[in-house]
Amino acid sequence: MPIVEIKDLRVTFTGGGKPVPAVSGVDLEVERGETLAILGESGSGKSVTLRALMRLNPEGKSRMEGTVRVAGQDVAALGRRELRAFRGRTAAMIFQEPSLALDPVYTLGQQIAEAVMVHDGCSRNEAMARALALFERVRIPSPERRLQAYPHEMSGGMRQRAMIALALSCRPQLLLADEPTTALDATVQIQILVLVRELQREFGLAVIFVTHDIGVAVEVADRIAVMYAGRVVESGPMREVIRRPRHPYTIGLLRSRAHGALAKGARLETIPGAPPDLADLPPGCPFAPRCFLATATCATTAPGPEPVGAGHQARCLRVDATAALLPAVAEG
Amino acid sequence: MLSYVLRRLIYMIPIVVGVSLVCFVLVHLAPGDPLVSVLPPDASEALKAQMMATYGFDRPYWHQFGLWVGRALQGDLGTSIATSRPVASEVLRAVSNTLLLAAVATAIGFAFGCLFGFVAGYFHDSWIDKAASALAVVGVSVPHYWLGMVLVIVFSVELNLLPPTGAGPDGSGDWAWNWAHMRHLILPAVTMSVIPMGIIARTVRALVADILGQEFVGALRAKGLGDRGVFRHVVKNAAPTALAVMGLQLGYLLGGSILIETVFSWPGTGFLLNAAIFQRDLPLLQGTILVLALFFVFLNLAVDVLQTGLDPRIQRG
Ligand SMILES: Nc1ncnc2c1ncn2[C@@H]1O[C@H](COP(=O)(O)OP(=O)(O)OP(=O)(O)O)[C@@H](O)[C@H]1O
Ligand SMILES: [Mg+2]
């Protein structure tokens with residue numbers, strides 16, 4: 001049984017004015033020990049999907065529909081106490097900006113120990129010992145001293161390591177990572193990716209890794225899900241999706257990636273147009289207005305998921321047309 | 001931390017010297033003859049000269065200043081012209097009364113200000129927030145001497161529950177911790193607490209709303225903390241600023257209490273200053289101002305040190 005099962009997840013923000021369907025009908029599955037990368041441009045609903053897994057979207061201002069099961073538990077049905085036990089213990093999260101995600105007036109040791117004490121009910125000394133072991137594990141130099149440090153006293157990379165230590169402190173089965181390397185320098189970024197991959201193997205973690213960088217997704221993922229306007233438009237095994245993308249949006253993403261070997265003078269292709277206004281989506285395929293393959297039908301008919309390979313699906317009416325493009329994409 | 005405090009204390013020496021100079025000069029620049037209120041209008045020149053010599057008003061200003069500072073350092077602030085009692089003891093009693101009133105008022109204001117501010121910030125933009133904020137605005141903008149009079153009319157005149165004036169049943173101005181004295185404290189303290197309450201409520205509301213909007217609160221929930229755990233973090237984040245505002249409010253109340261002390265005839269520094277000014281009691285005026293000014297200097301230091309100690313983000317540079 002997969003550890004994460006999301007079926008027809010919809011999250012609508014109802015805060016002000018027109019309701020915003022940030023996530024509209026997402027299906028995802030993640031097996032134990034597997035890493036799924038969620039790719040997509042800004043505003044496509046990646047973070048909202050991730051937060052829905054821990055019910056962290058503001059309850060008063062958003063509505064959540066569909067089923068979300070994590071480790072056999074129906075997340076939407078958890079009571080307050082169960083939810084607290086679930087968060088941090090079954091699933092844990094690391095954030096894009098560790099400097100914002102850590103409390104500035106508590107030491108890192110206190111923040112980790114706090115989580116350990118809440119979940120395991122152990123003494124402060126035991127919790128601190130666990131924090132120390134974790135700091136050693138995520139390779140923070142002079143860990144005893146760093147446990148006494150405040151977040152602002154550390155570099156970005158060290159803070160993210162501390163954040164990872166915090167997330168792993170209660171031995172979760174699922175790690176949710178929301179662009180954890182975006183705010184970091186390229187070299188530090190790679191170190192963090194390597195660390196996450198290592199820890200994932202060691203702890204047998206399932207990981208959902210949100211990123212808008214295909215390079216990062218290739219580095220960490222077993223499978224990839226590409227999101228656009230609150231839906232998963234393409235998903236499949238990482239190599240399959242990278243080598244044989246079948247949704248025009250994925251093709252666009254791959255083409256717009258600057259290759260190291262980009263020939264001099266070659267144009268970097270971008271996807272024309274701007275991301276759609278979620279509060280005012282067209283009736284058909286939301287990508288149709290920007291799609292180079294769009295037909296009149298695309299503007300009126302919403303596509304369902306089409307199987308296009310082993311475990312590979314694309315939500316596109318023109319999967320036949322994209323199949324014809326394949327050699328070009330693979331070479332490009 | 002200790003060296004930081006020491007350094008701050010050394011920085012204060014020139015401030016203290018400046019303060020005492022200013023307060024000496026100010027009082028001597030003010031027009032009027034200091035002896036006019038104690039001498040009969042028809043006093044002889046000889047008597048006048050003798051009195052001037054007794055109080056030292058005949059010497060050059062720099063000499064007077066030197067004498068005054070020298071004595072002040074030994075705790076002698078001269079003798080009140082009006083009451084012939086040592087200024088130091090008069091000031092001390094007034095200071096302790098004002099301190100008592102201001103401290104109790106600040107404590108009440110802080111407690112209710114935090115409560116209202118917290119609730120308003122927690123339920124940001126709801127009707128609870130609007131009600132609590134409206135209350136805070138009223139607290140800040142209502143003239144407190146007027147509020148004092150209204151409270152006197154209601155609780156002293158109409159209901160006859162609490163005494164309207166003074167600090168104790170015997171009218172001596174000496175405080176004692178018993179109900180007979182504490183009854184006198186209630187009305188002025190409540191009146192005075194309205195100002196810090198409003199300001200602290202607004203501060204805490206803004207702080208709490210800001211803190212709750214920060215990403216780390218979501219991260220705290222993500223690691224499994226409940227409302228109580230999050231509350232602890234919010235309090236610790238808000239505390240340095242809230243306490244600093246409270247300290248400053250205490251400072252304002254210590255200095256700005258002339259109106260309330262006059263309305264309630266509370267024998268504090270405001271009352272004393274008022275009396276000293278109207279009776280042109282120079283030694284008393286100087287001594288009171290000096291003590292108040294020094295008090296502010298130390299209060300600021302205390303607030304800074306407290307805030308630095310509480311907030312790890314402030315560098316002790
Ligand atoms: N708290 C919120 N209140 C109202 N709308 C929200 C809220 N959070 C997200 N949204 C809406 O949901 C949409 C999707 O946001 P989301 O944060 O999931 O995007 P994302 O894919 O993570 O983008 P990014 O790469 O910029 O992080 C946004 O367009 C935003 O308008
Ligand atoms: Mg995001």
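Residues numbered from 1 in each chain as written. Chains lettered and ligands numbered in written order. Predicted model: local features only at pLDDT ≥ 70, side-chain atom pairs only at ≥ 80, totals over all residues. Heavy atoms only, no water.

### Notes on the environment of A:Leu108
Residues and elements named next belong to chain A. Its place among the elements puts Leu108 in helix 4 (residues 108–120). The sequence separation of Leu108 and Ala162 amounts to 54 residues, and the corresponding C-alpha distance is 7.2 Å. When neighbours within four sequence positions are excluded, Leu108 is seen to be in contact with Leu102, Phe135, Arg146, Leu147, Ala149, Pro151, Met154 and Ala162. (Helix = DSSP H or I, 4+ residues; strand = E, 2+ residues; numbered from the N terminus. Contact = heavy atoms within 4.5 Å.)

### Quick look at the packing of aromatic side chains
For any pair of aromatic rings, the description consists of the separation of the ring centres together with the inter-plane angle of the planes. All names here are of chain A. Inspection of the entire model under this criterion finds 9 aromatic pairs over all chains. Considering the side-chain rings of Tyr228 and Phe287, the 5.0 Å spacing of their centres and the 80° angle between planes classify their relative orientation as edge-to-face. Within this pair, whereas Tyr228 is found in strand 9 (residues 223–228), its partner Phe287 is found in the loop between helix 11 (248–255) and strand 11 (306–309), the two being separated by 59 residues in sequence. Per residue, the accessibility class of Tyr228 equals that of Phe287, and both read buried. Every member of this aromatic cluster is reached through a ring pair, and the members are Tyr228, Tyr249 and Phe287. (Phe/Tyr/Trp six-rings, centres within 6.5 Å; stacked < 30°, edge-to-face > 60°. Buried < 20%, exposed > 50% of the residue type's maximum accessible area, 1.4 Å probe, protein only.)

### Things to note about the site of ligand 1
Residues and elements named next belong to chain A. Taken together, 14 residues surround ligand 1, and among them Ser42, Gly43, Lys46, Ser47 and Val48 come closest. Val48 has a polar backbone atom sitting 2.9 Å from an oxygen atom of ligand 1. Between ligand 1 and the protein, one listed contact pairs an oxygen atom with a side-chain N or O atom of Glu179 at 3.1 Å. Protein chains shield 65% of the accessible area of ligand 1, which is 640 Å² for the free molecule. With 4 residues, the top contributor of residues to the shell around ligand 1 is helix 1 (residues 46–53). The residue inventory of the shell around ligand 1, partitioned by class, reads 5 nonpolar, 5 polar and 4 charged. (Near = heavy atom within 4 Å. Polar contact = N/O pair within 3.5 Å; in protein donor to acceptor, adjacent residues only side chain to side chain. Areas by Shrake-Rupley, 256 points an atom, 1.4 Å probe, with all protein chains shown as cover. Nonpolar A, V, L, I, M, F, W, Y, C, P; charged D, E, K, R; others polar.)

### A look at the environment of B:Ser20
All names here are of chain B. Relative to the assigned elements, Ser20 resides in helix 1 (residues 2–29). The buried category is assigned to Ser20, whose relative accessible area is 11%. In this structure the C-alpha to C-alpha distance between Ser20 and Asp129, which are 109 residues apart in sequence, comes to 46 Å. Not counting residues up to four positions away in its chain, the partners in contact with Ser20 are Phe65, Trp68 and Leu290.

### Side note on the side chain of A:Ser235
All names here are of chain A. One can find Ser235 in strand 10 (residues 231–237). Classification of Ser235 as buried rests on a relative accessible area of 10%. Beyond its immediate stretch of four places on either side in the chain, Ser235 contacts Ile224, Ala225, Val241, Gly311, His312 and Gln313.

### Structural notes on the interface of chain A and chain B
The interface of chain A with chain B comprises 26 residues on the first partner and 20 residues on the second. Buried area between chain A and chain B, both sides added, is near 2000 Å², and the carbon and sulfur share of it is 57%. Considering only the side of chain A, the residues that lose the most area to chain B are A:Val105, A:Tyr106 and A:Glu114, jointly responsible for 28% of the buried surface there. For the interface between chain A and chain B, the tally reads 3 salt bridges. Note that A:Glu114 is salt-bridged to B:Arg232, the shortest N-O span being 3.1 Å. Taken together, chain A and chain B are joined by 11 residue pairs in polar contact (both at pLDDT 80 or more). The element contributing the most residues to the side of chain A that touches chain B is helix 4 of chain A, with 6 residues. Partitioning the side of chain A that touches chain B into residue classes produces 15 nonpolar, 5 polar and 6 charged. (Buried area = accessible area lost by both parts, 1.4 Å probe. Salt bridge = Lys/Arg side-chain N within 4 Å of Asp/Glu carboxyl O.)

### Here's the deal with the domain arrangement of chain B
Residue and element names in this part refer to chain B. Split by domain assignment, chain B resolves into domain 1 (2–73) and domain 2 (91–310). For domain 1 versus domain 2, the distance between C-alpha centres works out to 32 Å. Domain 1 puts 22 residues into the contact, and the matching count from domain 2 is 16 residues. Surface buried jointly by domain 1 and domain 2 totals about 1700 Å² across both partners, of which 76% is contributed by carbon and sulfur atoms. It is Arg8, Met12 and Val27 that lose the most area in domain 1 upon contact with domain 2, and together they represent 28% of the buried surface on that side. Where domain 1 touches domain 2, the interface holds 1 salt bridge. Put simply, Arg8 and Asp304 hold a salt bridge, and the shortest N to O gap is 2.9 Å. Taken together, the connections running from domain 1 to domain 2 amount to 1 residue pair in polar contact (both at pLDDT 80 or more). Among the elements of the structure, helix 1 and helix 3 (61–73) are those that each provide at least two residues to the side of domain 1 that touches domain 2. Looking at the side of domain 1 that touches domain 2, the element that brings in the most residues is helix 1, giving 13 residues. Looking at the side of domain 1 that touches domain 2 residue by residue, the class counts come to 16 nonpolar, 4 polar and 2 charged. (Domains from an automatic or database assignment.)

### Considerations on the pairing of strand 8 (residues 206–211) of chain A
Residues and elements named next belong to chain A. Counted residue by residue, strand 8 has 6 buried out of 6 residues, so it is predominantly covered. Side chains Ala206, Ile208 and Val210 of strand 8 all project onto a buried face; the interleaved residues Val207, Phe209 and Thr211 project onto the opposite face, where all are buried too. One ladder, built from 5 bridges, connects strand 3 (residues 35–39) with strand 8; its direction is parallel. Note that in strand 8 the partner of Ala37 across the bridge is Phe209. (Pairing = 2+ DSSP bridges.)

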